[in-house]
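Residue-level structural notes
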Amino acid sequence: MCRKCFKCLCGSVKAIIWCVCSTVVVLIIIAFVLAILIVQPWNTEEPSDHPTLALDTIWRIEDRSGGVRMSSMPGNVHTALISSGDIGDPYYRFNDFEYSYISHGKYKFINRVTVGKDIANKNVILLVCEGVDTVATVTVNDVEIGSTDNQFVRYVFNVSNIIVEGTNIVEFLIDSNVNYAKVKADEHDAVHGYSVLPECPTDEEHRECHVNFVRKSQSSFGWDWGPSFPTQGIWRNVILEGYNRGRINDVIAWPYKADPTQHNSTWMLNTTIILDIYNDTTDSTPEIGRASCRERV
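To start, this report covers the structure provided alongside it. Not measured: the values here are computed from a predicted model. (Residues numbered from 1 in each chain as written. Predicted model: local features only at pLDDT ≥ 70, side-chain atom pairs only at ≥ 80, totals over all residues. Heavy atoms only, no water.)

**Notes on the packing of aromatic side chains**
One pass over the full model with this rule turns up four aromatic pairs. Measuring from centroid to centroid gives 6.1 Å for Trp223 and Trp225, while their planes differ by 35 degrees, and the two rings are tilted. Residue Trp225 is classed as exposed on the basis of its relative accessible area of 63%. In this structure, Arg236 packs its charged tip against the face of Trp235, placed 5.6 Å from the ring centre. (Phe/Tyr/Trp six-rings, centres within 6.5 Å; stacked < 30°, edge-to-face > 60°. Buried < 20%, exposed > 50% of the residue type's maximum accessible area, 1.4 Å probe, protein only. Lys NZ or Arg CZ within 6 Å of the ring centre and 35° of its normal.)

Here it is, written out as structure tokens:
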């Protein structure tokens, strides 16, 4: 019995040592890549010279009838209407059914943002959208820069040639998730000749149809345990960020055994760092580079 306890204890200690070593190796690799970016002769910036500006101020929300609301973001149309007093508690009695019209409209989210020289003078300026709910057309200074159709995806748009020092206007024209789902369902039926189930719930449930055609939290369309509130808005941060030469886009690390057939095989850590590198000999579009490293731990 004591021998088994001793083996378990040794196994726990080894696991802790392995985790610590793995973390140290990843940090060393990140520091190494940062050092390379800093000491290159073409990079005269300080290591922290990667300015960002969060658009978490008050946004202007316009509907098709000309109505205007002001609300902070992250948020959505429902929270804006609650804050302005236009609607009551959505969870009270049958308000979820009474307010269902909200999710059938289109709304424009507008932010007038003042950009300083620290960002405007960078070679690369990105508009980073951490979470948009859900189907939207994005414009900056009246220039369409892209669109979104997935609530769970982080979108990054290059706005280097659009952002100016001073006042800039960022707009999200957000479509109805309910109407978008119906359009996609109709398109599918026309092309393939059959419908994807489930199509519509019963009238008594007060839920929406064809929700499996839009990449959005399915529970927001209603469930047997909850009401239907297919929200529209900006549910995570929107950020402007600038840099001149490069930035770390992502770090991927995964452990594995050098010989998976052997119980006592050495553990390896494979680390990949994905970089955005600006090449001033072409245009303002960053190139993607990868740096990989494999270490024993």
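**Notes on unusual backbone geometry**
Asp133 connects to Thr134 through a cis peptide bond whose omega is -10 degrees. Cis peptide bonds are those with omega within 30 degrees of zero, and the linkage from Leu197 to Pro198 qualifies with -5 degrees. Mapped onto the fold, Pro198 is located in the loop between α5 (177-192) and β12 (233-234). Residue His210 is not a glycine yet carries a positive backbone phi of 60 degrees. Inspection of the secondary structure assignment puts His210 in the loop between α5 and β12. (Helix = DSSP H or I, 4+ residues; strand = E, 2+ residues; numbered from the N terminus.)

**Some remarks on the state of the cysteines**
Enumeration over the complete set of coordinates arrives at one disulfide. Sulfur-sulfur distance for the disulfide between Cys200 and Cys209 comes to 2.1 Å. Here the disulfide of Cys200 and Cys209 is right-handed, its torsion about the S-S bond being about 120 degrees. On the basis of relative accessibility, which here comes to 45%, the residue Cys200 falls in the partly exposed class. Exposure remark for Cys209: the relative accessible area of 25% places this residue in the partly exposed category. (Disulfide = S-S within 2.5 Å.)

**Regarding the nonpolar core**
Of all hydrophobic cores here, the largest spans 35 residues; its most connected members are Phe109, Leu127, Val159, Phe172 and Leu240. Excluding residues within four positions of it along the chain, Val159 makes contact with Ile125, Leu126, Leu127, Val140, Ile145 and Leu240. With seven residues, the next largest nonpolar core counts Val178, Tyr180, Val211 and Phe221 among its residues. (Core = buried A, V, L, I, M, F, W, Y, C linked by side-chain atoms within 4.5 Å. Contact = heavy atoms within 4.5 Å.)

**Considering the environment of Asn111**
Residue placement: Asn111 occurs in strand β5 (residues 107-115). On the basis of relative accessibility, which here comes to 1%, the residue Asn111 falls in the buried class. Not counting residues up to four positions away in its chain, the partners in contact with Asn111 are Leu55, Thr57, Ile58, Trp59, Asn168, Ile169 and Val170.

**Some thoughts on the environment of Ile252**
Considering the arrangement of structural elements, one finds Ile252 in strand β14 (residues 246-257). In sequence terms Ile252 and Ile274 are 22 residues apart; their C-alpha atoms lie 8.1 Å from each other. Discounting residues that sit within four places of it in the chain, Ile252 has contacts with Asn270, Thr271, Thr272 and Ile274.

**Overview of the sheet that holds strand β4 (residues 75-76)**
Across the sheet, three strands lie side by side as β4-β12-β7; this open sheet has antiparallel pairing. Either end of the sheet is taken by a strand with one partner, and the two such strands are β4 and β7 (132-133). For β4 and β12, the ladder comprises two bridges, and the chain directions are antiparallel. Bridge pairing in β12 links Gly75 to Ile234. (Pairing = 2+ DSSP bridges.)

It is worth stressing that arrangement in space is one thing and function is another; only the former is reported here.
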